[in-house]
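What follows is the residue order along each chain.
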Amino acid sequence: MVGKRFRIDRKLQPKKCAKRCYVVVDNDRISRLPDDILVTILSFLPVKQAARTSVLSSRWINLWKHISRLDFDAESALVKIAIDYNLHSEESCKYVEWVNRVIQSHKAETLKEFRVCFDLSPSAENAITQWLEFALLRHVEKLDLDVSAGSLRVYTRDYAFPEKFLKPRSQSSSCIDFKSLKALSLKCVKLSGEAIEFFLRNCPFLEKLVLRNVNGISNLEVCGPSLALKHLEIWFCAKLKSVRVSGPNLTSFYSSHVEVLLLENVPMLVELHVNCMPYSVSIQRLLSPALSSVVSRLEILSLDIYAYIKEINLPTFPELPKLKKLVIQYWATEDKSLMGLTPLIRAPPYLEEFVLK
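Residues numbered from 1 in each chain as written. Predicted model: local features only at pLDDT ≥ 70, side-chain atom pairs only at ≥ 80, totals over all residues. Heavy atoms only, no water.

If you check an unreviewed UniProt entry, the chain appears there as F-box domain-containing protein from Erythranthe guttata.

Written out as C-alpha cells, the structure reads:
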C-alpha cells in the first residue's frame, strides 16, 4: 500500500510542476501589453532602471530607448564627491559619458522631460550644449539644467546658455523652437535679461520658470498680458537688483536677495515667499502701496528675515484676511527679540497654520 501511494505521488508531481510553470508564464500580462503602454510605464523609472529592463528578453531590448522622460539623476556620485572631492574629475567624466551614451541610443521623437543635475567642470561645456540641442530638437516640455549641483568649489564658472539657440528662427539655421516648453529651470547658468525676455516671448505655454544662481542679470522684468506663467522662482542671482513681475496667471512667486520688488497685475497670486536680504529693509517694503494690496490676497506667505544688527520693528502690518499659512524663518543673534514680529503674526485673522523657524 505504501509502495502504491509512492508511485502515485511520483506520477502526479511532474504534472503539478508543469501546471505551476504554465501559470507563471500565463500571468505575465505586462509583456503582452502594447509597446506604447510599456514605454509609458518605463518613462516613470529612472533612466538606469529603465535601461536595465533590456535584459528581460528580446522584446524589451529597445523599449527603454523610446522613453519620454530622461532624468539623469546621479545622487550617489554627488555623495561620493561630497565625501572626497578628489573624485570629482573621475565622476564628472563618467557622468558625461553616461549622458552621451543614452542620447546616442535614444529614439523617441519627443520628450516630456529632460533633466541634467551634476557638478560639471568647464571642460563639459560642449557636451552640455549638445545635450540642450538634443532636448530642444525633440520639443521637450520640461527642461531642467543644473550644472553645479552640490558644488564644493569656492569659485564656480557658470555655463553660458548658448546664444545660437536664442535667435529668431528667421536668423537661425537650426530648427529649434520653444513653443512646446512648459517648464524651464536653470541653475548656475549665465543668462542675460534679454535671454529671459526671449523665453517669455517664444514660449507661449511656459507655466513654470525657475532661475537659481543665474548670473548676468541686473534688472529683470517678467511681464506680459498674455503670459501663461503660473509659478516663478528667482533665487540667489548675483548682481540682481530689481524684479518687476506682471502676469495675470501667476499663482506663486519665490524671490530672494532682491533690493526692489514690484508686483503688478497679479490677481491670481496666492503664494509668496520672500527671502529678505541681510541688513536690508525688504520686510518694510512689503508695507508699501505697491505690495500691500497683493499681500492682502495671499493664502500662503513665507518670509526669511535677518536681524543680525538691529531689531526688526514692525509698527503695523496690513490685514491678511485670506491667509491660511504663515511661515517665518528668523535669523538673529541670541539677544534679539521676536516681539517686533507681533503685528505680522496678528495680521491674519483666519490663520490655520503657523510655522516659526
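## Focus: the nonpolar core
Heads up, the condition is: We define the nonpolar core as a collection of buried residues of types Ala, Val, Leu, Ile, Met, Phe, Trp, Tyr and Cys that are connected through side-chain atoms lying within 4.5 Å of one another. For the exposure calls, accessible area comes from a 1.4 Å probe over protein chains only, and a residue counts as buried if that area is under 20% of its type's maximum, exposed if over 50%, partly exposed in between. Every helix listed is a DSSP run of H or I at least four residues long, and every strand listed is a run of E at least two residues long, numbered separately from the N terminus. We call two residues in contact whenever any of their non-hydrogen atoms come within 4.5 Å of each other.
In terms of nonpolar packing, the biggest core is built from 100 residues, with Phe 72, Phe 114, Trp 131 and Phe 253 touching the most fellow members. With 7 residues, helix 6 (residues 125-137) is the single largest residue contributor to this core. Sequence-distant contacts of Phe 72, defined by excluding residues within four places in its chain, comprise Val 47, Tyr 95, Trp 98, Val 99, Val 102, Ile 103, Phe 114, Arg 115, Val 116 and Cys 117.

## Some thoughts on the packing of helix 5 (residues 88-105) against helix 6
For clarity, the threshold we go by: Lines fitted to the C-alpha atoms define the axes, with helices restricted to the stretch that makes contact. Angles between their N-to-C directions range from 0 to 180 degrees. Convention used here: angles under 35 degrees read as roughly parallel, angles over 145 as roughly antiparallel, angles from 65 to 115 as roughly perpendicular, and any remaining angle as oblique. By convention the crossing between two helices is left-handed if the near helix lies anticlockwise of the far one by an angle smaller than a right angle, and right-handed if it lies clockwise.
Here helix 5 crosses helix 6 at 30°, and the two axes come no closer than 11 Å. The angle between helix 5 and helix 6 places the two elements in the roughly parallel class. Note on packing geometry: the crossing formed by helix 5 with helix 6 is left-handed. Residues Tyr 95, Val 96, Val 99, Asn 100 and Ile 103 of helix 5 form the contact with helix 6, whose own contacting residues are Ala 127, Trp 131 and Phe 134.

## So, the environment of Gly 216
Along the polypeptide, Gly 216 turns up in the loop between strand 7 (208-212) and strand 8 (219-223). For Gly 216, a relative accessible area of 46% puts it in the partly exposed group. Put simply, Gly 216 and Gly 193 are 23 residues apart on the chain and 7.4 Å apart in space, counted from C-alpha to C-alpha. Contact partners of Gly 216, with chain neighbours within four places excluded, come to Leu 191, Ser 192 and Gly 193.

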